[in-house]
Amino acid sequence: MNLPNKLTIFRIILILPFTVLLLGKGGGWGWYQAMFGGIMEWVDYIALAFFIIASLTDLIDGWIARKYDLVTNFGKFMDPLADKLLVSAAMIALVELGRIPAWIVIVIISREFIISGFRLVAADNDVVIAASYWGKFKTVFQMVMICLMIANIPQLQVVTDIVMWVAVVLTVVSLADYLIKNKGVMKEQK
């Protein structure tokens, strides 16, 4: 178990306290009120800190794995799964809090399932599908969107809405880009 893999596991572990912090405020949990009662106005920011730390572990573990040639099969499988779990947990919690429409989360999560399935088929055919710039832009806007929605600053609502719409458009564009560039992957092999 090398350092990048440990960071990936750490990212997965951070999902639980992050979601508890984010959802507990409005959850009517008595223990939560007792534990965080004095700092309730800061709970969203603490949850945001957990989300940012978890997100940064993704950048760090990938950089370390590539720089020091520590890429493993475990990392290839778990790193993208950890990312999807973190982003999905955050967006589902934000739906519960009424900060993002459910249909947008369905579009974003659906795209992730489609691309994951597409990559599995490609891997079965010994084809590697590299991340595109559209996918990277999509990821950046989704992460910024989630951070803005967690922070829930009324003065930034217009910015948050704009970032959300850009993230949705980039989600659809990046999906189309993957499918168009790699349409041969889905053809039956002879």
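Reading the values: the criteria
- Residues numbered from 1 in each chain as written.
- Predicted model: local features only at pLDDT ≥ 70, side-chain atom pairs only at ≥ 80, totals over all residues.
- Heavy atoms only, no water.
- Helix = DSSP H or I, 4+ residues; strand = E, 2+ residues; numbered from the N terminus.
- Buried < 20%, exposed > 50% of the residue type's maximum accessible area, 1.4 Å probe, protein only.
- Areas by Shrake-Rupley, 256 points an atom, 1.4 Å probe, with all protein chains shown as cover.
- Lys, Arg positive; Asp, Glu negative; His and termini not counted.
- Charge placed at Lys NZ, Arg CZ, Asp CG, Glu CD.
- pLDDT = per-residue confidence, 0-100.
- 1 Å grid on protein atoms, 1.4 Å probe; cavity = no way out; pocket = protein on both sides within 12 Å on 5 of 7 lines; lining within 4 Å.
- Points joined across faces, edges and corners; volume = space filled by probe spheres on them.
- Nonpolar A, V, L, I, M, F, W, Y, C, P; charged D, E, K, R; others polar.
- Salt bridge = Lys/Arg side-chain N within 4 Å of Asp/Glu carboxyl O.

Caption draft 1: Structural view of the overall build of the protein. In terms of regular secondary structure, the protein is built from seven helices and zero strands. Listing every helix and strand of the protein by position from the N terminus yields α-α-α-α-α-α-α. Along the first, second and third principal axes, the C-alpha atoms of the protein reach 65 × 40 × 25 Å. For the protein, buried positions account for 40% of its 190 residues. Approximately 11,000 Å² of the protein is accessible, and the part contributed by carbon and sulfur atoms is 71%. Side chains of the protein give 16 positive and 14 negative charges; the mean places of these two sets differ by 6 Å.

Caption draft 2: Structural detail: the confidence of the model for the protein. Averaged over the protein, the pLDDT score is 89; the fraction of residues at 70 or greater is 95%. Ranking the elements of the protein by mean pLDDT puts helix 2 (residues 30–36) last, at 70, and helix 7 (residues 157–181) first, at 96.

Caption draft 3: Inspection of the layout of surface pockets at higher detail. Each pocket or cavity is described by its volume, and for the second largest pocket that value is around 160 Å³. Along its surface, the second largest pocket is lined by L81, K84, L85, S88, I109, E112, F113 and S116. Sorting the residues of the lining of the second largest pocket by element identifies helix 4 (73–96) and helix 5 (102–124) as the ones contributing at least two each. Per-class residue counts for the lining of the second largest pocket are four nonpolar, two polar and two charged.

Caption draft 4: Layout of the pattern of salt bridges. One pass over the full model with this rule turns up nine salt bridges. Measuring nitrogen to oxygen at the nearest pair gives 3.2 Å for the salt bridge that ties R111 to E112. Grouping residues by exposure puts R111 and E112 together as buried.

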